[in-house]
Amino acid sequence: MEILLAAAIGVLVAAAAYLLLARDLPRALLGFVLLGTAANLSIFAAGRIGTMVPPLVDQGERALAADAANPLPQALVLTAIVIGFGLAAFTLVLIRSAHDAFGTASADEMDEAERPDETPGPAAVAPAAASPSHRREAA
Amino acid sequence: MHASLILRVSAPLLLWVPAVVSLYLLVRGHNAPGGGFVGGLVAASGLVFHAIARGQAAAMQVMRAPPAAWCGAGLLLALCSGLLAWIDPAAGYLTHRWWFPDLPVTLPLNTAFVFDVGVYLAVIGTITAMAFALVAEE
Amino acid sequence: MDVFFFQSLTLPLVVGLAGAAGVALCRPALAARLGALCAVICLAAYVGMAGAVTTAQSLAMPFWGIPSLGVAGGLQLDGLSLVFALLITGIGALVLLYAGRYLQGDPRLPRLMVLLLLFMTSMLGAVTADDVITLFVFWELTSIASFFLVGYDHERLGARKAALQALLVTGGGGLALLAGLVLVSIVAGTTSLSGIIAAREVVLADPLAMPAMLLVVLGCFTKSAQFPFHFWLPNAMAAPTPVSAYLHSATMVKLGIYLLARLNPVYQDVVLWQDLLTWAGLLTAATGALMALRETDLKRVLAWTTVTALGTLTLLIGLAPELSATAAVTFLIVHALYKAALFLIAGIVDHETGTRDATALGGLGRAMPVTAAAAALAAFSMAGLPPFVGFVAKEIVYEAKLAAGGMAGVVASVGFLVNAAQVAIAGLLSWRLFFGPLRPTPTQPHDPPKSMLAGPVLLALLGLLAGAAPSILGTWLVDGAVAAILGRPADVPLKLWHGFTPVLALSVATVALGVLILAGWARLGPRLRRAAPLDRFGPAAAYDRALAGLVAWAEGTTRAVQHGSLRGYMRTLLLVTALAPLGVLVARGGLALPEAAPVDPRALAFLLIAAGAVATALARGLFAAVMAMGLVGFGTAIVFLTFGAPDVALTQFTVEVLLVVILATVLIRLPLRARDARTGRQRASDAAVASMLGLSVALVLLAVLASPFDPRLGDWFGAQSVPGGHGRNVVNVILVDFRALDTLGEIAVLAIAAFSVLALLRGAGRRLRTGT
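Described in the following lines is the structure provided in the data block. Remember, predicted model here, so these are calculated numbers, not experimental data.

Rules of the game
- Residues numbered from 1 in each chain as written.
- Chains lettered and ligands numbered in written order.
- Predicted model: local features only at pLDDT ≥ 70, side-chain atom pairs only at ≥ 80, totals over all residues.
- Heavy atoms only, no water.
- Helix = DSSP H or I, 4+ residues; strand = E, 2+ residues; numbered from the N terminus.
- Buried < 20%, exposed > 50% of the residue type's maximum accessible area, 1.4 Å probe, protein only.
- Contact = heavy atoms within 4.5 Å.
- Areas by Shrake-Rupley, 256 points an atom, 1.4 Å probe, with all protein chains shown as cover.
- Buried area = accessible area lost by both parts, 1.4 Å probe.
- Salt bridge = Lys/Arg side-chain N within 4 Å of Asp/Glu carboxyl O.
- Expected span 1.5 Å × (residues − 1).

### Details of the overall build of chain C
So, step 1. Along chain C, the regular secondary structure elements total 32 helices and two strands.
So, step 2. The proportion of buried residues among the 772 residues of chain C is 56%.
So, step 3. Partitioning the intrachain contacts of chain C with sequence separation of at least 6 by distance along the chain shows that 78% fall at a separation of at least 24.
So, step 4. For chain C, the exposed area adds up to about 30600 Å²; of that, 71% sits on carbon and sulfur atoms.

### Concerning the interface of chain B and chain A
So, step 1. Across the boundary between the two partners, chain B contributes ten residues, which contact ten residues of chain A.
So, step 2. The junction of chain B with chain A conceals about 930 Å² of combined surface from both sides, 80% of it contributed by carbon and sulfur atoms.
So, step 3. The largest share of the area that chain B buries against chain A comes from Phe37(B), Met130(B) and Leu134(B), three residues that together contribute 54% of it.
So, step 4. Across the chain B-chain A interface, the total number found is zero salt bridges.

### Description of the pattern of salt bridges
So, step 1. What the rule picks out here adds up to 16 salt bridges over all chains.
So, step 2. In this structure, Arg27(A) and Asp24(A) form a salt bridge, with 3.1 Å as the shortest nitrogen-oxygen distance.
So, step 3. Judged by relative accessible area, Arg27(A) falls into the buried class, the value being 0%.
So, step 4. Judged by its relative accessible area of 9%, Asp24(A) is buried.
So, step 5. The salt bridge partner of Glu201(C) is Arg200(C), with a shortest N-O separation of 3.4 Å.

### Focus on helix H17 (residues 369–383) of chain C
All names here are of chain C.
So, step 1. Taking 1.5 Å of rise per residue, 15 residues should cover 21 Å, and H17 covers 20 Å from first to last C-alpha, within 8% of that figure.
So, step 2. Buried within H17 are the following residues: Thr371, Ala372, Ala374, Ala375, Ala376, Ala378, Ala379, Ser381, Met382 and Ala383.
So, step 3. Buried residues in H17 make contact with helix H15 (298–319), helix H16 (322–353), helix H18 (389–402), helix H19 (408–435) and helix H20 (450–468).
So, step 4. After H17 finishes, the residue Gly384 shows a positive phi value of roughly 80 degrees.

### Describing the environment of Val632(C)
So, step 1. Inspection of the secondary structure puts Val632(C) in helix H27 (residues 622–642).
So, step 2. Sequence separation between Val632(C) and Thr616(C) is 16 residues; the distance between their C-alpha atoms is 8.7 Å.

This is the structure in structure tokens:
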């Protein structure tokens, strides 16, 4: 079972990485979400899997039954899922803002819009002006 | 955006059923699957569907207060639930306290539940704030 | 204050620091006098302590330590330290006084004074340090002070370049020194200098002894401008003249000599040490003498003769029996006296005439008689003429060189030529400058005010007095320092008159050759200046090339690494993340498979996840990709549900629904190119990187699963949930009770994300859109 799950997680990670490398940011976001899912599954698997019994103490008992699932990774993963959603939503807003500002959702084109020697913005001028003086100083 | 007829008709159902289910999940969460996170998510998804079906204004009206206020209230409640721990000066912050008053029905009063309600409210606030912001019409 | 405080070795350091603060605050007109006063107080303190220092005895003040690390530090004062301390404070007082007048009216004068006092304090700390850590810290502080002082005229490109060069060369050497000192301390088991010297057998027996020694020697050579690191010193003449006199002739450049002398008891019998010091010293001295004859700028001439003197000192320490140690200490004192005087005189000439070009100057004696007299006295000492102390020093240096065993021939003949050049330059600085035919200068020269004359006159007279009674100098100062260099007292009396010996004959021949060179200088100098290969192939050119190469390399690296392509960064990140753990796993033999458990129908959910993932990656349109991503989420929820995690399954399911709905809504509205824009080739290479990462993660996860599992934490929560948390849902009890503070942090993060989204949409988003 574990071997199969590890293989599935491997495929998931590979798909996530492939999407992260895409040119358009929405695809990268999907990759981001898949990577989060893969991480959650890995944590879950690392706490050992196999049993179907949830970590609930039976009525009248004081301790968890021996065959119950490990509760700790579940607590970790549960919050991680919600936070992952928050992160995805935040990224989505960023992508939308960037799209509104640059008129594109392609990472490569946004990079060109930021290149200092082509479109000098206030942030881009400073390093460009600083570097020649460095060179003079050192030479 | 014009929601489909099916969505518009089923909207009240999609709002109130999750709301009730979410409260049920919240209350029983300490002893059975459920809790503040899950409950909050279910309630929030009902509100998000409502916003998609009937518009953001309608959903906001159901919520009465802006999502950010829900979020803040939840955080504040969770934050304050830990203060009662200091009845016992030796106890750490967020050490929950339990009282079992002598009543005909078992009614465990405890600060852990208050904390979970804080989580519930914060999750509702967070998710709806983000979702409304994203699905809102320009 | 009691007597102990005045004898305290910390007193000069405290006075120096307090003086630096005081000088910064007081009126510029008073700054020089206050600074000089501080230096005089320190001088008096050391003179007071001198009585307690003999050849067999030193003052020690342990005052800090970290016993658990075996580190103990403190200050000490023995004969060697005393010689340096007196030179630093004595010349310091005169230089501070001089500088106040020399740079009168310069608004940056207070800064110069502060830096000079801080430098003096650092120097005193370095030469009185009893442990290598304190020594190193003060050593580096002198480099930093030197950086600021050389770059005093920071608006000039040349000054900035020279300051940077001095800092890079000495600072680079400082790194080597630090490594060397740490190695020595580890081997010796103590950081204390006296402890290291006492443990010399242990230090030398260790295999690390030679690397440590070489590193220390490297540090000393850069600091004391030994070949091939000598080139920074003449360039440091960009500093104001008082600074050059103080730092770059009398004191700081001798710090390397100090440490070589200090560690000589450890290494004196090591052949490599002797050879290294002898040959480097010889080469340095010869280079300095040759280059000095090429220059016409008075300060650069003096700088090259300083290089010569530093080479001679290194050479003498390398030779090291009694005679040469005595010669080294004597020459050190003598050189500091006459060279500081000559630098200050060069400053006066510059100040009064407006030029430092030796070819343009002459016959100044009539206009500035006192300066001329001081210059003559100092120059006689430099030339080594009787009855000046320079003669005493030169005689004993010759004696030491002639006694240098097998190398005596080479050492003495190079020494002979070098000394002849010194004589010629001494003549240049006195005879030609002040007594030859008068040459017109930019401004009308006259003697400067007393505060500027005090330094050169006093130093020159000291040279005459010490020459008249060398035995006093010997017993007072030299013997104690020699004992520290050799690790045992040596009895070599200093005498002015040795009788008619071969050394005397050599001296006479030196002076004769020197006079000849002086006579031919007007023709020899230009010829040497035209010898361009000296500039093209020297270490200075190598430094320039190395620096230019470093800058070019840094630019190339930056351009290659900071290429500005998001996809490129991502690729690098993913590849490293894939290969690094995989490499460790393979190298350590960690590849393993967990025990194969029987496969049941739940594995179908894994298949759903994998299929959904592949579909997401390969989907043509964005909408289809979102739907496929939802498939992965539902598959994951099923995994959680069927493996005993209903809470997590519920969370995953709800989140997935929300995410798919929101993504679909938002992405549909954006007018996006729905297709993946990558070319076929890019897709193939991206797929290769991605598969590598997937493989790596899967293998690491399998190795984790194959390793033994520690269930204690889960078991503890399982056992404590009901008694401690009154809840049967262990996951929920962990979240709201046992780890409630973590949960609080998590909902706080969620809230921050929500507020950021709102802020971004309301403010930044609009700003971005309108482009303001």
